[in-house]
Amino acid sequence: MSEVTNKVLRPGTHSTGPGQAQPATTSKPAASASPWTRQNPFPGKLVVNRRLSSDDSKKDTRHFEIDLTGWGLNFEPGDSVAVYPTNDPNLVKEIIRALGTTGDETVPAAKTTKPFREALLRDYSITQPTPKFLKAIAERASAAPMLKELLRPDRKHDLENYLWGAEVIDFLLEHPSVKFRPEEFVGLLTKLQPRLYSVASSLRVFPDQVHLIVDVVRYESRGRARQGVASSFLAERADKAPVPVYPSSAKHFHMPEDQTLPLIMIGPGTGIAPLRLGTFHTQRLSDAIGLRVVARSSTQNIRSTQDAGKRR
Ligand SMILES: Cc1cc2nc3c(=O)[nH]c(=O)nc-3n(C[C@H](O)[C@H](O)[C@H](O)COP(=O)(O)OP(=O)(O)OC[C@H]3O[C@@H](n4cnc5c(N)ncnc54)[C@H](O)[C@@H]3O)c2cc1C
């Protein structure tokens, strides 16, 4: 573990909004000879997936532990880890069915070619409709005059409202006469992006693991149950496959170099991950290394903050 920087911890600089990893904000980690890169992330193994929210809570906040044995990379308190999810296979099946294809067709993906099914699962974002996709629907569907109207530059705000909670599959099901060839369809999508999660453990205490605290995104819109791509991947599908991860440095969110300085750690929203990490890292709290969270709103239903922070 390299030395911490002299930047002061500023909890809460992450959001639970779209946390897709932006290449520009990620920096090269300190490892020298590691074969892992952002394009070739380390295949982590999910070893713990524990619900922290109480049973009666509508929220589903979870504690994950990912085994990193052999990764040879590094992170510091305040950093995040990019998780590279795969899409929900049921949604993939539904899209294939709606398009009337088999899924075996060959399409371009990740600088090579793959079966359509595989590309939808791993390479393309299949939830949020892109402007290209909407335009293609509006051009082909005579039943979509409203969409055509909303795509006018002066109706941007109305389009945003109309699209809130709408996904690609909704348009395919609403306009069954519109068919795309698989190759054409993937050309209307964007690349599936990794999502960032604040690290909630210290390599000083868990040298071969990263812990994350994740609020699983689930909601209903247009009569359908929806789920966030990465948070549901971790919660529901990651025990069956590797969890590709790569560290992402937070330049302005680190512990003070002088570890005797008093710290006040404030975590809004679900942002308790950096606090848990900070506690481990400095080992300022003696035995249990638990967190006492003065909870409001989203954190108030955490079943046991001691549990969330306990060292095994
Ligand atoms: C630096 C950083 C650190 C982060 N750390 C953490 C962390 O420690 N823990 C954590 O939980 N998250 C964290 N995040 C957020 C995280 O990266 C993801 O954005 C989050 O988990 C959602 O990703 P997803 O793939 O599950 O959801 P997505 O598939 O990206 O879906 C989210 C989208 O769903 C839509 N949506 C959500 N709710 C509704 C609704 N009710 N109605 C209609 N549409 C809706 C919105 O368009 C929203 O943007 C962090 C983000 C950043 C940038």
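Note that the structure is a prediction, hence the values are computed from the model and not measured.

### Description of the overall build of the chain
Okay, step 1: When its secondary structure is counted, the chain shows 10 helices and 12 strands.
Okay, step 2: Evaluated residue by residue, the chain yields a buried proportion of 35% over its 312 residues.
Okay, step 3: Sequence-distant contacts, at least 24 apart, represent 74% of the contacts inside the chain between residues at least 6 apart.

### So, the environment of Ala-238
Okay, step 1: Within the secondary structure, Ala-238 is located in the loop between helix H8 (229-237) and strand S12 (243-248).
Okay, step 2: Separated by 191 residues in the primary sequence, Ala-238 and Val-47 place their C-alpha atoms 9.6 Å from one another.
Okay, step 3: If near-sequence neighbours (up to four positions away) are discounted, Ala-238 is found in contact with Leu-46, Phe-233 and Val-243.

### Concerning the sheet that holds strand S3 (residues 80-83)
Okay, step 1: The strand order across the open sheet formed by 6 strands is S8-S3-S12-S1-S2-S9, and the pairing between neighbours is antiparallel. Two strands bound the open sheet, and with one partner strand each, they are strand S8 (195-198) and strand S9 (209-215). Neighbouring strand axes in the sheet, compared pairwise and without regard to direction, differ in orientation by 40° on average.
Okay, step 2: As paired strands, strand S1 (residues 42-51) and strand S2 (residues 61-67) are joined by 6 bridges and run antiparallel to one another. By the bridge assignment for S2, Arg-50 is matched with His-63.
Okay, step 3: On the sheet, H8 packs against S1, S2, S3, S8 and S9 and is oriented at approximately 120° with respect to S9.

### Focus: the nonpolar core
Okay, step 1: Val-81, Val-83, Leu-212, Leu-234 and Val-245 are the most contacted members of the largest nonpolar core, which has 29 residues in total.
Okay, step 2: Put simply, the parts of the chain that give this core at least two residues each are S1, S2, S3, S8, S9, H8 and S12.
Okay, step 3: Among the elements that take part in this core, H8 stands out by supplying 5 residues, more than any other.
Okay, step 4: Setting aside its immediate chain neighbours within four residues, Val-245 contacts Pro-41, Phe-42, Gly-44, Ile-66, Val-81, Ala-82, Val-83 and Val-210.
Okay, step 5: Among the nonpolar cores identified, the runner-up in size contains 21 residues, and Ala-119, Leu-120, Leu-147 and Leu-172 belong to it.

### Side note on helix H1 (residues 89-99)
Okay, step 1: Listing the buried residues of H1 in full gives Val-92, Ile-95 and Leu-99. Across the axial projection of H1, the buried residues extend over an arc of 65°, all falling on one side.
Okay, step 2: Here the buried face of H1 lies against helix H2 (116-122), helix H6 (168-174) and helix H7 (182-186).
Okay, step 3: Among the residues trailing H1, Gly-100 stands out with phi positive, at a value near 70°.

### What to know about the pairing of S8
Okay, step 1: Burial of the side chains of S8 extends over both faces: Arg-195 and Tyr-197 are buried on one face and Leu-196 and Ser-198 on the other.
Okay, step 2: Pairing geometry for S3 and S8, over 4 bridges, is antiparallel. Following the sheet pairing, Ser-80 is matched in S8 by Ser-198.

### Here's the deal with the pairing of S9
On any regular strand, side chains alternate: one points to one face of the sheet, the next to the other face.
Okay, step 1: Counting buried residues along S9, 6 of its 7 residues qualify, which places the element largely inside the surrounding structure.
Okay, step 2: Relative to S9, S2 is paired through 7 bridges, and the arrangement is antiparallel. Each bridged residue has a counterpart across the sheet, and for Asp-67 the counterpart in S9 is Gln-209.

### Describing the confidence of the model for the chain
Okay, step 1: Here the chain shows a mean pLDDT of 80. Residues at 70 or above account for 74%.
Okay, step 2: The model gives residues 1-18 a pLDDT under 50, and that stretch makes 47 contacts with residues more than four places away or in other chains.
Okay, step 3: The model gives residues 22-28 a pLDDT under 50, and that stretch makes 8 contacts with residues more than four places away or in other chains.

### Looking at unusual backbone geometry
Okay, step 1: With a phi close to 50°, Ala-110 is a non-glycine residue in the positive phi region.
Okay, step 2: Along the chain, Ala-110 turns up in the loop between strand S4 (106-109) and strand S5 (112-115).

The rules behind these values
- Residues numbered from 1 in each chain as written.
- Predicted model: local features only at pLDDT ≥ 70, side-chain atom pairs only at ≥ 80, totals over all residues.
- Helix = DSSP H or I, 4+ residues; strand = E, 2+ residues; numbered from the N terminus.
- Buried ≥ 20, exposed ≤ 12 C-beta atoms within 10 Å, placed from the backbone.
- Contact = placed C-beta atoms within 7 Å.
- Pairing = 2+ DSSP bridges.
- Axes fitted to C-alpha atoms, helices over the stretch in contact; angles between N-to-C directions.
- Core = buried A, V, L, I, M, F, W, Y, C linked by C-beta atoms within 7 Å.
- Arc of directions from axis to C-beta.
- pLDDT = per-residue confidence, 0-100.

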